[in-house]
Amino acid sequence: MEHTYTVALAGNPNVGKSTVFNRLTGLRQHTGNWPGKTVERAEGYFSQAGQRFRLVDLPGTYSLAADSPEEEVAGAFLQSGQADAVIVVVDASCLRRGLILALQLRQQTQRLVLCVNLMDEAARRGITPQTERLGQLLDVPVVATAARSGKGLAELRHQAAEVCRREPWEDGWKLTYVPPVEAALGLLETGMSRRRAVALLWGSPPTEGEQALWQRAQQRLGALSGQALRDSLTASVVALAEEIGRQCVRCAGSDPHAPDRRLDRLLTSRLTGFPVMLLLLGLVFYLTIQGANAPDAVFIQQGRGTLFLPAVAGAVQLGGVAIGEIVAPADKVRSALGQKVQGVVGFALVAPGGQLLRQGGGSGVVSAAGVAGENSNFHRFFFVSFSASRSRRGRL
């Protein structure tokens, strides 16, 4: 088999990237950690037209800004030049969000294939991405897929192979930034490629030979530096992603994301967000402190309910141990214990007010019904029943 190419697989979390990876590689894969990181690394192989391709599954990330170990790993691998091509997976039902990462990758490489995944989910929601128009705007191959069913994956393999084998060509695509940034890029491009200049603006450290030019470019940026510069770069990427999304997404009927946006406005609004949060916290505290005692209160106050004895009976029949608590009227407890449980080695009887009526243990087989019969005024019976052949626990 001929030379092995390396293809990087990138994308946001929860866009079906792992499904694409598993479908393309099958069982020809292995996992581990990236060197010096706790981030998982997965690699696999697939073949296309007699050539072997190594597929590297990069960590799921929303951007290439090195704000997390996952983003740092993904950015470092892509900037290392190890990949002959990059497949970026986006969600067809939420195209704008995925395009932010795709545009950042497009600035770094022209050897890109855009995989618009989850087309089946988008169709159910009435969303139709215009993949042909999307390919024209990004100047890259675009493949529509539904990885769960395998639809479009053969075409994805073909396009990835074609991009890897293609001879170098001049890339005329670029993303336009605000004037101060473009002025700095124009200066930097006199001594390096635009791709490298953009990487410097995003935070890549300049080499010794780039220091002088980088210092001059910083003067053209003016007040844009540090986080303010990154915010400006991000705003330009997001604005282009929104514009491409408007041109390339068709929705049947009303906006399919309208219910989600209404819920977001309710839960994150300054007027309603805090009251909703306090209400939910109060509900959690109630369930933690009071809610757990509610079933007991119903049994004790109303004197009715079902005895949960199957766990006890099962433990005795199988030869095991059942540890638990029965809450019910005293006569029902006595009757049920006499029928279901043959031995008690530890017990406690508790009155409705919480007073301990009797506790103790027995040697050998003690009649549970007899112990309960000595005290008629109880509502709780804590017990340990046993059988010698096998050990098993159950809670009533």
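That block above? That's the structure.
Computed from a prediction, not measured in an experiment: that's the story for all the values here.

## A short note on the nonpolar core
Reasoning step 1: Within the largest apolar cluster, 53 residues are counted, with the highest numbers of intra-cluster contacts made by L99, L105, L114, L134, L138, Y177 and V181.
Reasoning step 2: Among residues more than four places away in sequence, those in contact with L114 are V88, V90, L99, A102, L134, L138, V140, P141, V142 and V143.
Reasoning step 3: Core analysis: the second largest hydrophobic core is formed by 24 residues, C115, A147, A160 and A161 among them.

## Examining the pairing of strand β3 (residues 40–48)
Reasoning step 1: Taken across its 9 residues, β3 has 7 buried, putting it largely inside the fold.
Reasoning step 2: Inspection of the sheet shows β3 paired to strand β4 (residues 51–57) by 7 bridges, in the antiparallel sense. Following the sheet pairing, E43 is matched in β4 by V56.
Reasoning step 3: The antiparallel pairing of β3 with β4 creates a hairpin that spans 2 residues between the two strands, and A49 there sits at a positive phi of about 55°.

## Thoughts on the packing of aromatic side chains
Reasoning step 1: Inspection of the entire model under this criterion finds 2 aromatic pairs.
Reasoning step 2: Considering the side-chain rings of Y5 and F53, the 5.5 Å spacing of their centres and the 20° angle between planes classify their relative orientation as stacked. Taken as a pair, Y5 in strand β1 (residues 4–11) and F53 in strand β4 lie far apart in primary sequence, 48 residues in all. Grouping residues by exposure puts Y5 and F53 together as buried.
Reasoning step 3: Note on F46 and F53: the rings are 5.1 Å apart at their centroids and 10° apart in plane angle, and the pair reads as stacked. Each member of the pair, F46 as well as F53, carries the same accessibility label: buried.
Reasoning step 4: Among the aromatic residues, those joined into a ring-pair cluster are Y5, F46 and F53.
Reasoning step 5: One residue, R52, lies across the ring of Y45, its end atom 3.9 Å from the ring centre.
Reasoning step 6: For R166, the ring lying beneath its charged end belongs to W169, and the centroid distance is 3.6 Å.

## Some remarks on a nonpolar patch on the surface
Reasoning step 1: A contiguous nonpolar surface patch, about 650 Å² in accessible area, is contributed by F274, M277, L278, L281, F285 and I289.
Reasoning step 2: One can find F285 in helix α12 (residues 273–289).

## Description of the side chain of K17
Reasoning step 1: Topologically, K17 is positioned in helix α1 (residues 17–25).
Reasoning step 2: When its relative accessible area of 8% is taken as the criterion, K17 is described as buried.
Reasoning step 3: Within the local environment of K17, its side chain forms a polar contact with the side chain of D57, the two groups lying 2.6 Å apart.
Reasoning step 4: Side-chain polar atoms of K17 contact the backbone oxygen of L58, separated by 2.7 Å.
Reasoning step 5: In contact with K17, other than residues within four places in its own chain, are L9, A10, G11, D57, L58, P59, G60 and V89.

## Some remarks on helix α8 (residues 194–201)
Reasoning step 1: Most of α8 sits inside the fold, with 6 of its 8 residues counted as buried.
Reasoning step 2: On its buried face, α8 is in contact with α3 (95–108), α7 (179–188), α9 (211–221) and α10 (226–248).
Reasoning step 3: G203 occupies a position one or two residues after α8 and carries a positive phi of about 120°.

## Thoughts on the packing of α3 against α10
Relative orientation and spacing of two packed helices are given, respectively, by the angle between their axes and the distance between those axes.
Reasoning step 1: Closest axis-to-axis distance for the α3/α10 pair is 8 Å, and the angle between their directions is 120°. Here α10 runs oblique to α3, going by the angle between their axes. As α3 packs across α10, the resulting crossing turns out to be right-handed. Seen from α3, the contacting residues are L95, R96, L99, I100, L103, Q104 and Q107; seen from α10, they are V237, V238, L240, A241, E242, I244, G245, R246 and C248.
Reasoning step 2: For the contact of α3 with α10, a count of residues per class yields 10 nonpolar, 3 polar and 3 charged.

## Quick word on the pattern of salt bridges
Reasoning step 1: In total, this model carries 12 salt bridges according to the counting rule given.
Reasoning step 2: Note that R196 is salt-bridged to E210, the shortest N-O span being 2.9 Å. Taken together, the residues R196 in helix α8 and E210 in the loop between α8 and α9 connect sequence positions 14 residues apart.
Reasoning step 3: On the basis of relative accessible area, R196 is assigned to the partly exposed category, the value being 22%.
Reasoning step 4: The exposure class assigned to E210 is buried, which follows from its relative accessible area of 14%.

## Concerning the environment of T288
Reasoning step 1: Assignment of secondary structure puts T288 in helix α12.
Reasoning step 2: In this structure the side chain of T288 is engaged in a polar contact, spanning 2.8 Å, whose partner is the backbone oxygen of V284.

## Things to note about α3
Reasoning step 1: Taking 1.5 Å per residue as the helical rise, α3 with its 14 residues ought to reach 20 Å, and the 20 Å between its terminal C-alpha atoms agrees with that figure.
Reasoning step 2: Of all bends in α3, the biggest is about 25°, found at L101.
Reasoning step 3: Of all 14 residues making up α3, 10 are buried, and the element is well covered by its neighbours.
Reasoning step 4: Residues of α3 that are buried include every one of L95, G98, L99, L101, A102, L103, Q104, L105, R106 and Q107, and no others.

## Some points on the environment of E189
Reasoning step 1: The residue E189 is located in the loop between α7 and α8 in this model.
Reasoning step 2: Accessibility expressed as a relative area gives 34% for E189, which makes it partly exposed.
Reasoning step 3: In sequence terms E189 and L213 are 24 residues apart; their C-alpha atoms lie 9.6 Å from each other.

The rules behind these values
Residues numbered from 1 in each chain as written. Predicted model: local features only at pLDDT ≥ 70, side-chain atom pairs only at ≥ 80, totals over all residues. Heavy atoms only, no water. Core = buried A, V, L, I, M, F, W, Y, C linked by side-chain atoms within 4.5 Å. Buried < 20%, exposed > 50% of the residue type's maximum accessible area, 1.4 Å probe, protein only. Contact = heavy atoms within 4.5 Å. Helix = DSSP H or I, 4+ residues; strand = E, 2+ residues; numbered from the N terminus. Pairing = 2+ DSSP bridges. Phe/Tyr/Trp six-rings, centres within 6.5 Å; stacked < 30°, edge-to-face > 60°. Lys NZ or Arg CZ within 6 Å of the ring centre and 35° of its normal. Patch = residues over 30% accessible without salt bridge, like charges linked within 9 Å, V, L, I, M, F, W, Y side chains within 5 Å. Areas by Shrake-Rupley, 256 points an atom, 1.4 Å probe, with all protein chains shown as cover. Salt bridge = Lys/Arg side-chain N within 4 Å of Asp/Glu carboxyl O. Polar contact = N/O pair within 3.5 Å; in protein donor to acceptor, adjacent residues only side chain to side chain. Axes fitted to C-alpha atoms, helices over the stretch in contact; angles between N-to-C directions. Parallel < 35°, antiparallel > 145°, perpendicular 65-115°, else oblique. Left-handed = near helix turned anticlockwise from the far one by under 90°. Nonpolar A, V, L, I, M, F, W, Y, C, P; charged D, E, K, R; others polar. Expected span 1.5 Å × (residues − 1). Bend = angle between axes of the 7 residues up to and from the residue.

By themselves these figures say nothing about function.
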